[in-house]
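Working through the structure, step by step
Below, each chain spelled out in residue letters.
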Amino acid sequence: MNRTTWLASIIAAFALVTAGCQTEESGEPAGVVILDLVADAALADLRTESGVGELARWRARPLRERGFIRSGEVVYGIGSSSWVEFESVAPRSRRLVIQGRPTSAVRKGEPEIDIALNGELIETLVLRKKSREYVVELPASAMRVGSNRLAFTYGGELRQDAAGSRRRFEWAALRLDDEAPPEAVAAANSPQDTLRLPYLVRHEYFERLPAGTRLLIDGVETWGIGRNSTLRLDVFAEGEQDPIAFEIRPNSAGPLELELNVAGGVSRIGLVALPGPGVDPLAGGIDIGSAEVRAVTPSGMDRRQDATGSDPTVAEGAAPNVILYLIDTLRADHLGVYGYPRPTSPRIDEFAADAITFDRLQAQSSWTKPVVATLLTGLLPQQHGVVGREDTIDPAARTLPTLLQLAGYQTSAFVTNSTVGSYFNFDIGFHYYEQLGERPTDEVHQLSDAVNESFFSWSSGREADRPFFAMLHTTDPHGPYVPRQPYRDRFAPDVKYPEVVRGAAVRVLAADDAQFDVERATSDLVGLYDAEIAFNDEQFGALLDQLRADGLYDSTLIILLSDHGEEFRDHGGWSHGNTLFQEQLHVPLLVKLPGQRLGGTRVDVGAQHIDVVPTILDVLGLEAPEPLPGTSLVDLADGTSATERPASSHLAMTANVREAMRWEHRKLVRATPASGDVTIRLYDLATDPRETASAVAEHPIVAGYLRTLIDRLGMLARGDSSSALALDPEMTEQLRALGYIR
């Protein structure tokens, strides 16, 4: 796959609701291709049929929890009922085989068992005294796709004085006779460009399906023994109980066009090949040559097509200046404009009257390097590959300052965080790049007043008749928190621990909370953090004042934002770069357009760091030379593009990888530690904003959809976009001072 096609595929993963249709002359059916079931087969979940297993092999605890007990090799049903669960890939009839006998403890009444499937009574067995086999047909009407529960309720009264009187039924066997063993998955050796479905192996896809969705399917043929086989397709919409279902006979003339009739939203699409009566499930299956889910829209282009472009050119008229003002480690909820009660940000709050305030910027990572690489390239971390401590930007990357240079801009950067210095190629495309080096003191960082001084020194000597782009990266709120006066007295007058002042407290606390009063230490750290924000806020205000004095404010595009947040025991930890919880991902974003257009607007549609490059290019009237995954924030603000998009976050500073995907108020987090023991959690931020309880079981379709998006990004990640350096001793110490190396 070439670079242009690869980047266009990223857009296909994120631009989930776009307009498009094919021309009639092409001979192709109209509509946007939302999902290609053949090409995207690697993203599908595979499920196989399961039986109830051999009871004698069950572990003791699950047996007791399900109303069974084992004595030697004999299993008894105990109490009033027992139950088991099994997986089914389609709502089809299955044969249940039971072997056993009632125990002698049953004295009065008929010894019998009521059998219910998913709460529906199927049959009542009147039991014989001697052990025998009973066969029960489980009807398709009671069967569910996925997990099914079989419940057994025992009749008859027990002898009160009998030993083991709770034992109702002695089980010798309990099985489903027509189950397909898991080895069926291994039988799928799919021909090229074909989706092979072995019998009873269900393929499940998760996707957002707008109203008017159709499935075009062709080339449905059997392989192996295909006698009387059926292809079943069903679509479950989130929140619905009943699927939209189709049954297709293989080897029939095609193509088929199926109206899915969904109302819109996230759905699960399932495909399963069902064998005919008496056919061995391992003997064959069904091949599909093509299967595309399309949405019919009135105009536009297929979202999967390649996007091409050339070097950017400036639109007619005076070109505005651009300032990208990055405040490192700033949580959105510690600013007044986002509702914080302490007066940490009067100048930023005042600036909001001239700017567009985005209420929900989701950071692309929870530490600096991958986010700044995204701000400079417009690419997701999985694309640009700058995710670890040693990673560097690809020297051939066409960064934002590179594009602006080509458009005639003077480009400059003033950086106070060594993780994004020239050592790691972050200076690509800048005419002037000043790294204000860390100081060998507890303060570590150069402060924002020094950044202002350096910027205005450069600005006074630039070519006045050419527009400029300047990135000002301030790091005041980043630990260690050593605020200047009078801010410390305002926000942290009674700091208890000298270790907090010296900047070592976060690392010490993380290592051993027991030696501190944790609540007091947290309060102290928050106070010092707020004091740092207040100082940074004043210096941002000083920057604006000087721009006004120089006559530059009105004509300048100013974007204020943060790279990531900071944790203060929100989830039991400290600092950042450790998790993907909201305290580390929800950051501020304010955009002042030239002439203060749309000033005072608030936007509640989710924004991302990937949107910064498209926004700057849009405002300047430039076109990107290749497709980018983000969108212009101006389009979000003026309602041109108000659709909620999935937001991706990625953390791979170490071998422990965390990935998050948010869509509207749902957020899925997948953690893959070095051990490979993957955990998945789904949070509903509307009802659980502190992310305390996983809702995967309640919303499996949404969870599957968000996990599929993560998988898609993982498959598209470039392996050659960055290179890793062996850190020299000086850089190692700088990263240690910043807290990125312990």
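Remember, it's a predicted structure, so these values are computed and weren't measured experimentally.

What counts and how
Residues numbered from 1 in each chain as written. Predicted model: local features only at pLDDT ≥ 70, side-chain atom pairs only at ≥ 80, totals over all residues. Heavy atoms only, no water. Phe/Tyr/Trp six-rings, centres within 6.5 Å; stacked < 30°, edge-to-face > 60°. Buried < 20%, exposed > 50% of the residue type's maximum accessible area, 1.4 Å probe, protein only. Helix = DSSP H or I, 4+ residues; strand = E, 2+ residues; numbered from the N terminus. Lys NZ or Arg CZ within 6 Å of the ring centre and 35° of its normal. pLDDT = per-residue confidence, 0-100. Contact = heavy atoms within 4.5 Å. Axes fitted to C-alpha atoms, helices over the stretch in contact; angles between N-to-C directions. Parallel < 35°, antiparallel > 145°, perpendicular 65-115°, else oblique. Left-handed = near helix turned anticlockwise from the far one by under 90°. Nonpolar A, V, L, I, M, F, W, Y, C, P; charged D, E, K, R; others polar. Pairing = 2+ DSSP bridges. Core = buried A, V, L, I, M, F, W, Y, C linked by side-chain atoms within 4.5 Å. Salt bridge = Lys/Arg side-chain N within 4 Å of Asp/Glu carboxyl O. Polar contact = N/O pair within 3.5 Å; in protein donor to acceptor, adjacent residues only side chain to side chain. Expected span 1.5 Å × (residues − 1).

All right, on to the packing of aromatic side chains then. The tally for this structure, following the rule as stated, stands at 21 aromatic pairs. An angle of 75 degrees between the planes, with centres 4.7 Å apart, marks the rings of Phe169 and Trp171 as edge-to-face. Overall, the relative accessible area of 4% leaves Trp171 in the buried class. Between Trp663 and Tyr705, the ring centres sit 5.8 Å apart and the planes meet at 75 degrees, which makes this aromatic pair edge-to-face. Of this pair, Trp663 sits in strand β37 (residues 657–663) while Tyr705 sits in helix α15 (residues 700–716), placing them 42 residues apart in sequence. Given a relative accessible area of 0%, Tyr705 falls into the buried group. Ring-pair connections join several aromatic residues into one group, and the members of that group are Phe414, Tyr432, Phe455, Phe456, Trp458 and Phe468. The ring of Tyr76 is capped by Arg167, whose NZ or CZ atom sits 4.7 Å from the centre of that ring.

Another point: the confidence of the model for the protein chain. Looking at the protein chain as a whole, the pLDDT averages 84, with 82% of positions reaching at least 70. Confidence over residues 1–28 falls short of pLDDT 50; this stretch has 82 contacts with residues more than four positions distant or in other chains.

What follows is about the packing of helix α7 (residues 448–461) against helix α11 (residues 518–549). Two numbers describe how α7 lies on α11: the axes approach to 9 Å, and their chain directions differ by 20 degrees. Between α7 and α11, the angle falls in the class roughly parallel. Read as a crossing pair, α7 and α11 show a hand that is right-handed. Contacts between α7 and α11 involve Ser448, Asp449, Asn452, Phe455 and Phe456 from the former and Phe535, Asn536, Gln539, Ala542, Leu543, Gln546 and Leu547 from the latter. Partitioned by chemical class, the residues of the contact of α7 with α11 number 6 nonpolar, 5 polar and 1 charged.

For the rest of this paragraph, the subject is the sheet that holds strand β28 (residues 468–474). In space, the 8 strands of this open sheet follow the order β27-β26-β28-β22-β29-β33-β23-β34, with mixed pairing throughout. The sheet terminates laterally at β27 (432–435) and β34 (602–603), the two strands that pair on one side only. Running at roughly 165 degrees to β28, α7 makes contact with β22 (321–327), β26 (410–415), β27 and β28 of the sheet. α11 contacts β22, β28 and β29 (556–561) of the sheet and is inclined by roughly 170 degrees relative to β22.

Moving on to the sheet that holds strand β20 (residues 265–274). The strand order across the open sheet formed by 5 strands is β2-β15-β20-β17-β18, and the pairing between neighbours is antiparallel. The sheet terminates laterally at β2 (45–48) and β18 (244–248), the two strands that pair on one side only. Between one strand axis and the next, the sheet turns through 20 degrees on average, direction left out of account.

Attention now goes to the nonpolar core. Formed by 62 residues in total, the largest nonpolar core has its most connected members in Phe358, Phe426, Phe469, Ile559, Leu561, Leu589 and Ile616. Residue contacts for Leu589: discarding those within four places in its chain leaves Tyr338, Ile356, Thr357, Phe358, Leu361, Ile559, Leu560, Leu561, Ala607 and Leu633. Membership of the second largest hydrophobic core comes to 42 residues, among which are Ile348, Phe455, Phe468 and Leu552.

To continue, consider the pairing of strand β15 (residues 201–209). The buried fraction of β15 is high, at 9 of 9 residues. On β15, burial covers both faces: Val201, His203, Tyr205, Glu207 and Leu209 on one face and Arg202, Glu204, Phe206 and Arg208 on the other are all buried. Direction of pairing for β2 relative to β15: antiparallel, over a ladder of 4 bridges. The partner of Asp45 across the bridge, within β15, is Glu204. Pairing analysis gives 7 bridges linking β15 to β20, with the strands arranged antiparallel. By the bridge assignment, Phe206 is partnered in β20 with Arg268.

Looking along the chain, the bond that leaves Gly479 and enters Pro480 is cis, with omega of 0 degrees. Following the sequence through the fold, Pro480 ends up in the loop between β28 and α8 (487–491). The omega torsion across Gln485 and Pro486 is 5 degrees, close enough to zero to call that bond cis. Checked against the element boundaries, Pro486 lands in the loop between β28 and α8. Phi is positive for Thr329, close to 65 degrees, though the residue is something other than glycine. With phi around 70 degrees, Asn425 is a residue other than glycine that occupies positive phi space. Mapped onto the fold, Asn425 is located in the loop between β26 and β27. Using a relative accessible area of 22% as the deciding quantity, one classes Asn425 as partly exposed.

Before going further, it helps to spend a moment on the pattern of salt bridges. Taken as a whole, this structure holds 35 salt bridges when the rule is applied. In this structure, Glu257 and Arg214 form a salt bridge, with 2.1 Å as the shortest nitrogen-oxygen distance. Of this pair, Glu257 sits in strand β19 (residues 256–259) while Arg214 sits in strand β16 (residues 213–224), and the two are 43 residues apart along the sequence. Residue class for Glu257 comes out partly exposed when judged on its relative accessible area of 45%.

Residue position: Asp287 is located in strand β21 (residues 284–295). Relative accessible area serves as the criterion here: at 12%, Asp287 is assigned to the buried category. At 3.5 Å, the side chain of Asp287 forms a polar contact with the side chain of Trp223. Not counting the four nearest positions on each side in its chain, Asp287 is found in contact with Pro191, Thr194, Leu195, Arg196, Leu197, Gly219, Val220, Glu221 and Trp223.

Turning to α7, a few remarks are in order. The end-to-end C-alpha separation of α7 is 20 Å, in line with the 20 Å expected for 14 residues at 1.5 Å each. Buried within α7 are the following residues: Ser448, Ala450, Val451, Asn452, Ser454, Phe455, Phe456, Trp458 and Ser459. Residues of α7 that are buried make contact with β22, β26, β27, β28 and α11.

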